[in-house]
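Inside the fold
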Amino acid sequence: IEENNVLEKIDKLNPVKFKWRENDVQDMGFIAQEIKAVFPDAVEEHDNGFLHIHYNRLMAYMVMAIKQMKNKNN
């Protein structure tokens, strides 16, 4: 994966806290529509229209951003 502006993209992401409808358990993550706008390959749409974030794909971008920050600091 090679993207030069991944830090700018990561800056657009907003972590949120939420409760799952089915069990009222509090969790944290991201809003899939916002992730899709920035990293479309990290989001999948199911047959029912709901979006699913592939956090493992998103993690690759996070590592890339850390490496870019390290290179800027060196």
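Refer to the preceding data block for the structure.
The following refers to the structure shown. The structure presented is a predicted model; accordingly, all values stated were derived computationally and were not measured.

1. Side note on the overall build of the protein chain
Secondary structure assignment for the protein chain yields three helices and four strands. Counting helices and strands in the order they occur from the N terminus, the protein chain gives α-β-β-α-β-β-α. Relative to the 2.2 N^0.38 estimate, which gives 11 Å for 74 residues, the radius of gyration of the protein chain is 14 Å and therefore markedly larger than a compact globule would have. Taken along the three principal axes of its C-alpha coordinates, the protein chain extends 45 × 25 × 20 Å.

2. What about the pairing of strand β1 (residues 16–19)?
Here β1 pairs with strand β2 (residues 26–29) via four bridges, running antiparallel. The partner of Phe 18 across the bridge, within β2, is Asp 27. Connecting β1 to the antiparallel partner β2 that follows it, the hairpin turn spans six residues, and Asp 24 within it adopts a positive phi of roughly 60°.

3. Re the packing of aromatic side chains
In total, this model carries three aromatic pairs according to the counting rule given. Both rings, one in Phe 18 and one in Trp 20, keep their centres 5.1 Å apart while their planes meet at 75°; by these two values the pair is edge-to-face. Accessibility expressed as a relative area gives 25% for Phe 18, which makes it partly exposed. Considering the side-chain rings of Phe 39 and Tyr 61, the 4.1 Å spacing of their centres and the 25° angle between planes classify their relative orientation as stacked. In this pair, Phe 39 is assigned in the loop between α2 (32–38) and β3 (43–45) and Tyr 61 in helix α3 (residues 55–73), connecting sequence segments 22 residues apart. Tyr 61 carries the same exposure label as Phe 39, and that label is buried.

4. Some thoughts on the side chain of His 54
Examined against the element boundaries, His 54 turns out to sit in the loop between β4 (51–53) and α3. On the accessibility criterion, His 54 (16% relative accessible area) is buried. Dropping the residues within four chain positions of it, His 54 is found in contact with Ala 42 and Glu 44.

Cut-offs and rules
- Residues numbered from 1 in each chain as written.
- Predicted model: local features only at pLDDT ≥ 70, side-chain atom pairs only at ≥ 80, totals over all residues.
- Heavy atoms only, no water.
- Helix = DSSP H or I, 4+ residues; strand = E, 2+ residues; numbered from the N terminus.
- Rg over C-alpha atoms; globule rule 2.2 N^0.38 Å.
- Pairing = 2+ DSSP bridges.
- Phe/Tyr/Trp six-rings, centres within 6.5 Å; stacked < 30°, edge-to-face > 60°.
- Buried < 20%, exposed > 50% of the residue type's maximum accessible area, 1.4 Å probe, protein only.
- Contact = heavy atoms within 4.5 Å.

Worth remembering: the numbers are spatial, not functional.
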